[in-house]
There are 2 protein chains.
Amino acid sequence: MTHRRAAAFAPVNIALTKYWGKRDHEINLPLAPSISVTLAELGTLTIVQPDTQMRENAMMVNDVPLDSRGMTKVNRVLSRVRDLADSTQYAGLRAVNTVPTAQGLASSASAFAALATAASHAYGLTLDKIELSALARTGSGSASRSVHGGWVKWNPGQRTDGADSTAEQLLDEEQWPLKIVVAHIGEGPKKTPSTLGMKLCESTSPFFEPWIETCWKDVERCEAAMRERDFAALAHVVEGNALAMHATMMATRPGLVYWQPATLGVIHAVRTLREDLGHSCLFTIDAGPSVVVLCEAADAPVVCAQLGAIAGVTRLTQTRIGPGAQLTEAS
Amino acid sequence: MTHRRAAAFAPVNIALTKYWGKRDHEINLPLAPSISVTLAELGTLTIVQPDTQMRENAMMVNDVPLDSRGMTKVNRVLSRVRDLADSTQYAGLRAVNTVPTAQGLASSASAFAALATAASHAYGLTLDKIELSALARTGSGSASRSVHGGWVKWNPGQRTDGADSTAEQLLDEEQWPLKIVVAHIGEGPKKTPSTLGMKLCESTSPFFEPWIETCWKDVERCEAAMRERDFAALAHVVEGNALAMHATMMATRPGLVYWQPATLGVIHAVRTLREDLGHSCLFTIDAGPSVVVLCEAADAPVVCAQLGAIAGVTRLTQTRIGPGAQLTEAS
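Residues numbered from 1 in each chain as written. Chains lettered and ligands numbered in written order. Predicted model: local features only at pLDDT ≥ 70, side-chain atom pairs only at ≥ 80, totals over all residues. Heavy atoms only, no water.

Trainee: What should I look at first to understand the packing of aromatic side chains in this one?
Mentor: Centre distance and the angle of the planes are the two values used to describe a pair of aromatic rings. Applying the stated criterion across every chain yields a total of 8 aromatic pairs over all chains. Relative to Phe 207 of chain B, the ring of Phe 207 of chain A has its centre 4.7 Å away and its plane inclined at 20 degrees; by these criteria the two rings are stacked. Taken together, the residues span two chains, with Phe 207 of chain A in the loop between helix H5 (194-204) and helix H6 (208-228) and Phe 207 of chain B in the loop between helix H5 (194-204) and helix H6 (208-228). Owing to a relative accessible area of 0%, Phe 207 of chain B belongs among the buried residues under this scheme. With centroids separated by 4.6 Å and ring planes inclined at 65 degrees, the aromatic side chains of Tyr 19 of chain B and Trp 154 of chain B adopt a geometry described as edge-to-face. With Tyr 19 of chain B in the loop between strand E1 (6-17) and strand E2 (22-24) and Trp 154 of chain B in strand E8 (residues 151-154), this residue pair connects regions lying 135 residues apart in the sequence. The pair Tyr 19 of chain B / Trp 154 of chain B is uniform in exposure class, with both members buried. Put simply, the rings of Trp 151, Trp 176 and Phe 231 of chain A pair up and form one aromatic cluster. (Phe/Tyr/Trp six-rings, centres within 6.5 Å; stacked < 30°, edge-to-face > 60°. Helix = DSSP H or I, 4+ residues; strand = E, 2+ residues; numbered from the N terminus. Buried < 20%, exposed > 50% of the residue type's maximum accessible area, 1.4 Å probe, protein only.)

Trainee: I keep staring at the interface of chain A and chain B and nothing clicks. Help me out?
Mentor: Many structure descriptions define interface size as the accessible area lost when the parts assemble. Facing 31 residues of chain A, the contacting portion of chain B comprises 31 residues. Taking both partners together, chain A and chain B bury about 2,700 Å²; carbon and sulfur atoms supply 63% of that area. Applying the counting rule to chain A against chain B returns 2 salt bridges. The tally of links from chain A across to chain B stands at 7 residue pairs in polar contact (both at pLDDT 80 or more). When contributions to the side of chain A that touches chain B are tallied by element, the ones reaching two or more residues are H6, helix H7 (231-250) and helix H8 (261-275) of chain A. (Contact = heavy atoms within 4.5 Å. Buried area = accessible area lost by both parts, 1.4 Å probe. Salt bridge = Lys/Arg side-chain N within 4 Å of Asp/Glu carboxyl O. Polar contact = N/O pair within 3.5 Å; in protein donor to acceptor, adjacent residues only side chain to side chain.)

Trainee: I'm lost on the side chain of His 184 of chain A in this one. Help?
Mentor: Residue and element names in this part refer to chain A. With respect to the helices and strands, His 184 occurs in strand E10 (residues 179-185). Classification of His 184 by relative accessible area gives buried; the value is 9%. For His 184, the side chain forms a polar contact with the side chain of Ser 290, separated by 3.3 Å.

Trainee: Which parts of the structure should I look at to understand the sheet that holds strand E12 (residues 291-295) of chain A?
Mentor: Strands in a sheet are paired, the pairing made by backbone hydrogen bonds, and the direction either parallel or antiparallel. All names here are of chain A. As summarised here, the arrangement of the 4 strands in space is E11-E12-E10-E13, forming an open sheet in which the pairing is antiparallel. Only two strands of the sheet have a single neighbouring strand rather than two, namely strand E11 (281-284) and strand E13 (313-320). Averaged over all neighbouring strand pairs, the angle between strand axes comes to 20 degrees, with direction disregarded. Examined bridge by bridge, E10 and E13 share 7 bridges and lie antiparallel to one another. Each bridged residue has a counterpart across the sheet, and for Ala 183 the counterpart in E13 is Leu 316. Across the sheet, H7 is in contact with E11 and E12; its angle to E11 comes to roughly 20 degrees. Seen against the sheet, helix H9 (residues 300-308) touches E10, E11, E12 and E13 and runs at an angle of roughly 165 degrees to E13. (Pairing = 2+ DSSP bridges. Axes fitted to C-alpha atoms, helices over the stretch in contact; angles between N-to-C directions.)

Trainee: What's the story with the pairing of strand E11 (residues 281-284) of chain B in this structure? I'm lost.
Mentor: Looking along a regular strand, one sees side chains alternate from face to face of the sheet. All names here are of chain B. Burial along E11 is two-sided: the residues Cys 281 and Phe 283 and Leu 282 and Thr 284 are all buried. Where E11 meets strand E12 (residues 291-295), 4 bridges bridge the pair, whose relative direction is antiparallel. Looking across to E12, one finds that Cys 281 is bridged to Cys 295. In textbook terms, the turn of a hairpin is the stretch between consecutive antiparallel strands, and for E11 and E12 this stretch comprises 6 residues.

Okay, here's the thing in structure tokens:
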């Protein structure tokens, strides 16, 4: 097949019901489904240039060579692409994040969705979004969701090769155009990486099994709330799922406590805004201290004003639900 | 039997492995055992005066008439005492707390341990500590532990009448003389009472069953760490149990979040002091935002200095492990 330079941009996504527990750690197969929304503008631009002269893949991220741990995952994705394309060529890659590293948003989802999109095109493959989703997933589980825009569901699948562990779009970004406010809160000194945190939960949390059962139920509740555009029901399930995930983490021994004081400040502020003052806003929290707030457009200004006033919130980022990964150039 | 005025002082206690889940809500029978230490000096002084002229019991607490909810529990305890003493006399009662109400320490444990001790003497009964423990328990579950000093274990028992749901002393207050620092942190505006919180967890937390299983294991681990005077092992189980209880609370729908920002400030500070700086200190947290720290005597000054510097910590109280309930006068 034709080999060519290709570039793609993919956005980050924020899970409304979380991905926290794997049935396969090598190719990222989850124990439960998850639902996310894709964020506009924040993500990763990746350029892939196949090269007959190269003896191995090489990648720069934000103009710095990628470390060996990251390169192992990139090589796994590119190896699949070469197999599908029946190619022996390696590639030079460059990626630039439009998500600040300390943003509180995981950039691995956008990075591997962009890589899968650009690399498959560079090697002459024609993959649909579902196939791209499975390819991106082998680099980072949540990357399976960043292939799509809008509201996205990742089905865990049952096959051991992961071919049926793919994401699908539930609603596009226009169908329930909520706003997103990220309240960035600095990490403590000893952050446990989420890959390790997930393994610790699986092996030592007494709450891990009921957590996975909860996820299956929450995905149904979340999808129903989304279909009804029922913000109160969405808040109930999304906040409940995030708290249950952090509860599962805290119950490991020793307890994984990702929160910082300001995390609780934002949790209580969002609840007060919604329950006492009638604003449509809800929070969710990934494996870190930062808090992501979803709100109706009309409520975004007051949400920003309240969260910006909380001690320990170092930055706010406003965005909206956006489209999925896409090619940005092809030569 | 002879009726006489009697007074008793009983201290509060802090659970190292928590009491959070009942098999009987009427007479406070727990689903799992728990271990606590009794605190010196902080508690309740209660005076009981049987009176042939009274037509019902009457009680002043801190010079204010006790509300009907509290009076119901007091009447339950006094009714048992009258039955045992074969008496028809009611009593006038006065209680004074030496625990500031906003101290972050539950005064119901000391209140009902003092009531049981004073009332049984006033009505001429001779109850041993185990029997007093069962009597105090009918007013407030954790009061069963405040009858004893030092390190105390409350066995849940199996009988439906609760006669075998009693506390025993494991070590006296001299056998491992740790210090206690209470970091008081103000409540948020919407505190859920612990009695209600416990019921919400029982009915809606997906983690409630494994939480109770965890308690049974933690009591064994805690007792073993205590027997070995192994502070590191004690910290592991006590912090783990407190985090697991709060995790169980957070996983209710809507999530019960008792913590305030400063709660996390203290959690992280205590862990840093122990894990990075080698100080023997550990935290535990009841159904509220305040944090109780146990430490070796030599570490108390640095613990106080660190915790006092945390924003949102409004007061520190230092004390030690102390003796149990005792009569203070008898006429």
